[in-house]
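Architecture at a glance
If you want the building blocks of each chain, they are given just below.
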Amino acid sequence: MAFMVKHMIGGQLKDLTGGLAEEKPEGEKSEAAAKGMTQEEFEEYQQQLAEEKMERDASFAQKKAERATVRSHFREKYRLPKSELDDTQIEAAGKDVELPTELAKMIAEDNEEEEHKQSVLGQLSNIQNVDMDQLKDKAQATLEDLKQSAEKCEVM
């Protein structure tokens, strides 16, 4: 009820006085006082919040750039079209962005596996019903036979 009366009469009183006597209502306080701090403490707190936000933003940008690096790596590996968004995210990080160490290890292992698969022995292991140990033993026996026959040969 008091609020209604103050609201109705207060507006008319301001018009009469010309709004010269501007006073803060009793319920309004400065932000610092509302949080129970002095003005200096409040400014320091605001500065600390701003610094923390900048650190979070920088960390977030770095993570986005790392993800973009991973995506671009896989695009190169599988010969997919490049994305301009990834390039801009990498550039926005500002620093030299590298693959995360765990991912780099995984990629190195994949590359070793691919190299093995591309070798002759890797291709032979893909064929079913081939005993690799037996095949190696036969190859070594054949080499030894060739060496013995080469020693017996009078021309060489």
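Look above for the structure.
Residues numbered from 1 in each chain as written. Predicted model: local features only at pLDDT ≥ 70, side-chain atom pairs only at ≥ 80, totals over all residues. Heavy atoms only, no water.

Looking now at unusual backbone geometry. Across the chain, the bulk of peptide bonds are trans and the bulk of non-glycine residues have phi less than zero. Its identity is not glycine, yet Arg79 carries a phi of approximately 55°, on the positive side. Residue position: Arg79 is located in the loop between helix H3 (39–77) and helix H4 (84–93). (Helix = DSSP H or I, 4+ residues; strand = E, 2+ residues; numbered from the N terminus.)

Further remarks concern the side chain of Thr69. With respect to the helices, strands and loops of the structure, Thr69 is situated in helix H3. Residue Thr69 is classed as buried on the basis of its relative accessible area, which comes to 12%. Once residues within four sequence positions are removed from consideration, Thr69 is found in contact with Ile90, Val97, Glu98 and Leu99. (Buried < 20%, exposed > 50% of the residue type's maximum accessible area, 1.4 Å probe, protein only. Contact = heavy atoms within 4.5 Å.)

This paragraph deals with the pattern of salt bridges. Pairing of side chains with opposite charge becomes possible as their charged atoms draw close. Tallied over the entire structure, the rule returns three salt bridges. One salt bridge in this structure joins Lys53 and Asp57, with 3.1 Å as the shortest N-O distance. Of this pair, Lys53 and Asp57 both sit in helix H3, four residues apart, which is roughly one turn of that helix. Take Asp57: its relative accessible area is 41%, and that puts it in the partly exposed class. The closest approach of N and O atoms between Asp86 and Arg71, which form a salt bridge, is 2.8 Å. In this pair, Asp86 is assigned in helix H4 and Arg71 in helix H3, connecting sequence segments 15 residues apart. Take Arg71: its relative accessible area is 33%, and that puts it in the partly exposed class. Taken together, the shared-partner salt bridges connect Arg71, Arg75 and Asp86 into one network. (Salt bridge = Lys/Arg side-chain N within 4 Å of Asp/Glu carboxyl O.)

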